[in-house]
Amino acid sequence: MKAVVVYERGGKYEVRDVPMPRLNDGDVLIKINYAALCYRDLLQLAGYYPRMKYPVILGHEAVGVVVESRDPRFKPGGDRVVPLLHEPDGTCEFCMRGLDSYCINALSYGENVDGFFAEYARVSGNALVKVPNGVPDELAAFTLCVVAMVYKGLKRAGLAYGETVVVTVEWRCWYSRRSIG
Ligand SMILES: [Zn+2]
Ligand SMILES: [Zn+2]
């Protein structure tokens, strides 16, 4: 299959023919419908993340269809899914409490586990969410990175309509005078 492979720190990448992903128990093979480009991809491409492995397939925002499954929660031939930003192990103390976004052993797509700028991808069923009918691929693809982080931040901050908020992202920070609306 074709994939965008980062093969060296410092932004060296190319489209390569790579072997199809192999599944372990609990894994799902998805055929990528759409993948979105995020600022995080550019940081990973540049090698700013300390856990980068090389070579790695870039990309962490995608939507696809299940074509093979070793997780009984997902069925080939119909289920449309989006992966989380990180792949929880499903076994640590946080995962066992349902707080898988705090997983201490989480892998990060496009960083230390292959991501989604490819025709197919292996994803743990623990990292997949089914997409409801009626949500188009081009919106679903970036829901679990861009939208979910903002939504969670707003909920945790307890902000109400019309309030002003300071937004920080990665190493950058800017002050937003725009009201929430
Ligand atoms: Zn992203
Ligand atoms: Zn965990």
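Keep in mind that what you see is a predicted model, and the values were worked out from it rather than measured.

### Digging into the overall build of the protein chain
Here is step 1 of the chain: When helices and strands are tallied, the protein chain shows 4 helices and 12 strands.
Here is step 2 of the chain: On C-alpha atoms alone, the protein chain measures out to a radius of gyration of 17 Å, which is about the 16 Å that the 2.2 N^0.38 rule sets for 181 residues.
Here is step 3 of the chain: Taken along its principal axes, the extent of the C-alpha atoms in the protein chain is 50 × 40 × 35 Å.
Here is step 4 of the chain: Residues counted as buried form 31% of the 181 residues belonging to the protein chain.

### Description of the environment of E87
Here is step 1 of the chain: Mapping E87 onto the fold places it in strand β7 (residues 86–87).
Here is step 2 of the chain: Owing to 23 C-beta atoms within 10 Å, E87 belongs among the buried residues under this scheme.
Here is step 3 of the chain: For the pair E87 and L107, spaced 20 residues apart in the sequence, the C-alpha separation amounts to 5.0 Å.
Here is step 4 of the chain: Not counting residues within four places of it along the chain, the set of residues in contact with E87 comprises A106, L107, Y109, V113, S124, N126 and A127.

### What about the confidence of the model for the protein chain?
One rule of thumb: low pLDDT means the predicted coordinates there are not for detailed reading.
Here is step 1 of the chain: Summing up the model confidence of the protein chain, the mean pLDDT is 88 and the portion of residues at 70 or higher is 92%.
Here is step 2 of the chain: Low confidence marks residues 172–181, where pLDDT is under 50. Its contacts with residues over four positions away, or in another chain, come to 16 contacts.

### As for the sheet that holds strand β9 (residues 120–124)
Here is step 1 of the chain: Read across the open sheet, the 5 strands follow the order β9-β3-β5-β6-β10; overall the sheet is antiparallel. The open sheet is flanked by β9 and β10 (128–130), the only strands paired with a single partner. Strand-to-strand twist in this sheet, taken as the mean axis angle between neighbours without regard to direction, amounts to 45°.
Here is step 2 of the chain: As paired strands, strand β5 (residues 61–69) and strand β6 (residues 80–83) are joined by 2 bridges and run antiparallel to one another. Looking at the pairing, G64 lines up with V81 of β6.

### A closer look at the pairing of β6
Here is step 1 of the chain: Summarising the sheet, β6 and β10 pair through 3 bridges and their orientation is antiparallel. Bridging across to β10, V82 finds its partner in V129.

### As for helix α4 (residues 143–157)
Here is step 1 of the chain: The terminal C-alpha atoms of α4, which comprises 15 residues, lie 20 Å apart, in line with the 21 Å expected from a rise of 1.5 Å per residue.
Here is step 2 of the chain: With its phi angle positive at about 65°, G158 sits one or two positions after the end of α4.

### Re the nonpolar core
Here is step 1 of the chain: In this structure, I30, I57, V82, F116, F117 and A141 are the most contacted members of the largest nonpolar core, which totals 37 residues.
Here is step 2 of the chain: Residue assignment for this core shows that the elements contributing at least two residues are β1 (2–8), β3 (27–36), β4 (56–57), β5, β6, β9 and α4.
Here is step 3 of the chain: For this core, the element with the most residues is β3, which contributes 6 residues.
Here is step 4 of the chain: Once you skip the residues sitting within four places of it in the chain, V82 turns out to touch A62, V63, V129, V131, A140, A141, T143 and L144.

### A few points about the sheet that holds strand β2 (residues 12–17)
Here is step 1 of the chain: Read from one edge to the other, the open sheet built from 3 strands follows the order β2-β1-β4, with strand pairing classed as antiparallel. The strands lining the two open edges of the sheet, one partner per strand, are β2 and β4.
Here is step 2 of the chain: In terms of strand pairing, β1 meets β4 through 2 bridges, oriented antiparallel. Paired with V5 across the two strands is I57, which belongs to β4.

### With respect to unusual backbone geometry
Here is step 1 of the chain: Y54 connects to P55 through a cis peptide bond whose omega is -5°.
Here is step 2 of the chain: Checked against the element boundaries, P55 lands in the loop between α1 (39–46) and β4.

### Brief notes about the environment of G153
Here is step 1 of the chain: Take G153: it is sitting in helix α4.
Here is step 2 of the chain: Its 13 C-beta neighbours within 10 Å are what place G153 among the partly exposed residues.
Here is step 3 of the chain: Along the chain, G153 and M96 lie 57 residues apart, while their C-alpha atoms are 23 Å from each other.

Definitions and cut-offs
Residues numbered from 1 in each chain as written. Chains lettered and ligands numbered in written order. Predicted model: local features only at pLDDT ≥ 70, side-chain atom pairs only at ≥ 80, totals over all residues. Helix = DSSP H or I, 4+ residues; strand = E, 2+ residues; numbered from the N terminus. Rg over C-alpha atoms; globule rule 2.2 N^0.38 Å. Buried ≥ 20, exposed ≤ 12 C-beta atoms within 10 Å, placed from the backbone. Contact = placed C-beta atoms within 7 Å. pLDDT = per-residue confidence, 0-100. Pairing = 2+ DSSP bridges. Axes fitted to C-alpha atoms, helices over the stretch in contact; angles between N-to-C directions. Expected span 1.5 Å × (residues − 1). Core = buried A, V, L, I, M, F, W, Y, C linked by C-beta atoms within 7 Å.

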